[in-house]
Amino acid sequence: MPKVESDKEFCEQATRLVTDYLSGDLDRQTAEIFEAHLKQCPDCVSFLETYKGAIRAGKSLDFADLPVSMETRLREFFKERIKLGRTKK
Ligand SMILES: [Zn+2]
């Protein structure tokens, strides 16, 4: 796991981290960094909630098992959230 340089960079990695985080595959140190980031990043919390909803609907924890369209949608959703956060200032 590469070192997290900045929040923005972290957000861009979060789509992958969320998968491992929810399935319990994230190593403890990374999970702690992830949770610390969640406390200061509503965008990532929102994405996590959306992803959890997607899992409930699609019953899979793994992006690989999701339809490509859903993975793309989740990624696009997250990119938009980041963009909105940036332009709001
Ligand atoms: Zn974030």
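Analysis parameters
Residue positions are given per chain, counting from 1 as you read along its sequence in written order. Predicted model: local features are reported for residues with pLDDT of at least 70 only, side-chain atom pairs are reported and counted for 80 or more only, and whole-chain, interface and lining totals are derived from all residues. Numbering of helices and strands starts at the N terminus; helices are DSSP runs of H or I of at least 4 residues and strands are runs of E of at least 2. Buried residues are those with 20 or more other C-beta atoms within 10 Å of their own C-beta, exposed residues have 12 or fewer, and partly exposed residues lie in between; C-beta atoms are placed from the backbone. Once C-beta atoms have been placed from the backbone, residue pairs whose C-beta atoms lie within 7 Å are recorded as contacts. Expected helix span is given by 1.5 Å per residue-to-residue step, counting one fewer step than there are residues. What pLDDT expresses is the predictor's confidence in each residue, scored from 0 to 100. A set of buried residues qualifies as a nonpolar core if it consists of Ala, Val, Leu, Ile, Met, Phe, Trp, Tyr and Cys joined through C-beta atoms within 7 Å.

Here the focus is the overall build of the protein. Check the secondary structure of the protein and you find four helices and zero strands. Secondary structure elements of the protein, listed N to C terminal, follow the sequence α-α-α-α. Taking all 89 residues of the protein together, 12% fall into the buried category. Excluding contacts between residues fewer than 6 apart, the proportion of contacts in the protein whose partners are at least 24 apart in sequence is 63%.

Structurally, the α-helix is built with 3.6 residues per turn, so residues lying three or four positions apart point the same way. In a regular helix each residue adds 1.5 Å, so 13 residues correspond to 18 Å; helix 2 (residues 28-40) covers 19 Å between its end C-alpha atoms and thus fits that length. Of all 13 residues in helix 2, one are buried, a share of ten percent or less.

On to the confidence of the model for the protein. Across the protein, the average pLDDT comes to 76, with 73% of residues at or above 70. Mean pLDDT per element in the protein: helix 4 (residues 68-88) is the minimum at 71, and helix 2 is the maximum at 91.

As a further point, take the nonpolar core. Cys 11, Ala 14, Leu 17, Val 18, Phe 34, Cys 41, Cys 44, Phe 47, Tyr 51 and Phe 78 form the largest nonpolar core, which has 10 residues in total. If you list the elements that add at least two residues to this core, you get helix 1 (7-23) and helix 3 (42-58). When residues of this core are assigned to their parent elements, the largest contribution, four residues, is made by helix 1. Those residues within four positions of Phe 34 in sequence are excluded, and the remaining contacts are Leu 17, Tyr 21 and Leu 26.

Turning next to the environment of Tyr 51. Mapped onto the fold, Tyr 51 is located in helix 3. Put simply, Tyr 51 and Glu 71 are 20 residues apart on the chain and 9.7 Å apart in space, counted from C-alpha to C-alpha. Leave out the neighbours within four places in its chain, and Tyr 51 touches Val 18 and Leu 74.

The subject of this paragraph is the environment of Lys 52. Within the fold, Lys 52 resides in helix 3. When the C-alpha positions of Lys 52 and Val 18 are compared, they lie 9.2 Å apart, and in sequence the two are 34 residues distant.

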